[in-house]
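Survey of secondary and tertiary structure
Here is what each chain is made of, one letter per residue.
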Amino acid sequence: MNKSRYIKLYNWFENHKGAKKLLETAYKFLPFVFILALPVILVIKGLQGIDREFISLLVVFPCVFLGITVMRRLIKRERPYIKYNAPSVIPKNSKSYSFPSRHTASAFIIAMGGYTVCLYFGIFLTVLALTLAVTRILAGVHYISDIVFAIFFSVLFGAVFFFII
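Positions within a chain are numbered from 1, following the residues in the order the chain's sequence is written. For this predicted model, a pLDDT threshold of at least 70 governs which residues receive local features, and a threshold of 80 or more governs which side-chain atom pairs are given and counted, while totals over whole chains, interfaces and linings are taken from all residues. The side-chain figures draw on all heavy atoms in the structure; neither hydrogens nor water molecules are used.

Let's shift gears to the side chain of Arg-79. Looking at the secondary structure, you find Arg-79 in the loop between α3 (52–75) and α4 (80–83). It turns out Arg-79 is buried and unbridged, and the closest side chain with the opposite charge, Asp-146, is 6.3 Å from it. Polar contacts here mean pairs of N or O atoms no more than 3.5 Å apart (in protein, one a potential hydrogen donor and the other a potential acceptor; neighbouring residues in sequence count only if both atoms are side-chain atoms). Side-chain polar atoms of Arg-79 contact the backbone oxygen of Val-141, separated by 2.8 Å. Secondary structure counts use DSSP, requiring at least four H or I residues in a row for a helix and at least two E residues in a row for a strand, with both numbered from the N terminus. Relative accessibility decides the category of a residue: with a 1.4 Å probe and only protein chains considered, values under 20% of the type maximum give buried, values over 50% give exposed, and everything between is partly exposed. Residues counted as positive are Lys and Arg, residues counted as negative are Asp and Glu, and His and the chain ends are not counted. Whenever Lys or Arg places a side-chain nitrogen within 4 Å of a carboxyl oxygen from Asp or Glu, that contact is recorded as a salt bridge.

What follows is about the nonpolar core. Within the largest apolar cluster, 30 residues are counted, with the highest numbers of intra-cluster contacts made by Phe-34, Val-64, Ile-109, Ile-110, Leu-125 and Phe-162. Listed by contribution, the elements that provide at least two residues to this core are α2 (17–48), α3, α5 (102–117), α6 (119–138) and α7 (144–164). Residue contributions to this core peak at 7 residues, all from α5. We call two residues in contact whenever any of their non-hydrogen atoms come within 4.5 Å of each other. Residues in contact with Val-64, not counting those within four places in the same chain, are Ala-105, Ile-109, Phe-153, Ser-154 and Phe-157. By convention a nonpolar core is built from buried Ala, Val, Leu, Ile, Met, Phe, Trp, Tyr and Cys residues, the set being connected through side-chain atoms within 4.5 Å.

We now examine the pattern of salt bridges. What the rule picks out here adds up to 4 salt bridges. Where Lys-17 meets Glu-14, a salt bridge forms, and the shortest distance between an N and an O atom there is 3.2 Å. We classify Lys-17 as exposed; its relative accessible area is 52%. Two residues, Glu-14 and Lys-20, come together in a salt bridge whose shortest N-O distance is 2.5 Å. Put simply, Glu-14, Lys-17 and Lys-20 are held in one network by salt bridges that share partners.

For patches, a residue must show more than 30% relative accessible area and have no salt bridge; joins then use 9 Å for like charges and 5 Å for nonpolar side chains, namely Val, Leu, Ile, Met, Phe, Trp and Tyr. Using a 1.4 Å probe, accessible areas were evaluated by the Shrake-Rupley method; residue-level cover was limited to the displayed protein chains. Judged by side-chain polarity, Ile-50, Ile-55, Leu-58 and Val-59 come together as a nonpolar surface patch covering roughly 360 Å² of accessible area. Checked against the element boundaries, Val-59 lands in helix α3. Judged by relative accessible area, which is 41%, Val-59 ranks as partly exposed.

The next subject is the packing of α2 against α3. As a packed pair, α2 and α3 sit with axes 9 Å apart at the nearest point and diverge in direction by 160 degrees. Between α2 and α3, the angle is such that the two are roughly antiparallel. By crossing handedness, the relation of α2 to α3 is classed as left-handed. Along the contact surface, α2 presents Leu-38, Ile-41, Leu-42, Lys-45 and Gly-46, while α3 presents Glu-53, Phe-54, Leu-57, Leu-58 and Phe-61. Ten residues, namely Ala, Val, Leu, Ile, Met, Phe, Trp, Tyr, Cys and Pro, are considered nonpolar, four, namely Asp, Glu, Lys and Arg, are considered charged, and the remaining ones, Gly among them, are considered polar. Of the residues belonging to the contact of α2 with α3, the class tally is 7 nonpolar, 1 polar and 2 charged. Axis angles are defined between N-to-C directions and span 0 to 180 degrees, where every axis is a line fitted to C-alpha atoms and, for a helix, only to the segment in contact. Each angle gets one of four labels, with under 35 degrees taken as roughly parallel, over 145 as roughly antiparallel, 65 to 115 as roughly perpendicular, and the rest as oblique. Left-handed is the label given to a crossing in which the near helix is rotated counterclockwise from the far helix by less than a right angle, and right-handed is the label when the rotation is clockwise.

This is the structure we're talking about:
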């Protein structure tokens, strides 16, 4: 996304208040779905028994979150609205960094954990994670590359720890 595309995106949402309200709702609501999904996954897996898969879940979620957080602090990529000195589509108080997207990485690793519980639950969470990722781009707080890397990182990490090891 370059500055002119970002400004066009911002202006489009300013001129389409219903779409902006829908974006704001999804942007704020979807992270809570994953905050709730995480303990559901852990409780279900815990009730099935404390085994290798359960321990993997306990280790993988914080490792992905911490790994992404460390990368953000090392890379220090400015968010699009900051880089382009423009207002954000959805007002944001934080001046944190954008690469990679921590919300997207967290949503995708939780979705990967959902597959360990039930295929359909994993698919449901993956669809919601993709929706969350798109909202981050449309809100102007992430570049597409922030999202793509976060998805790749979480899916790779999840595949290795949940399904290969």
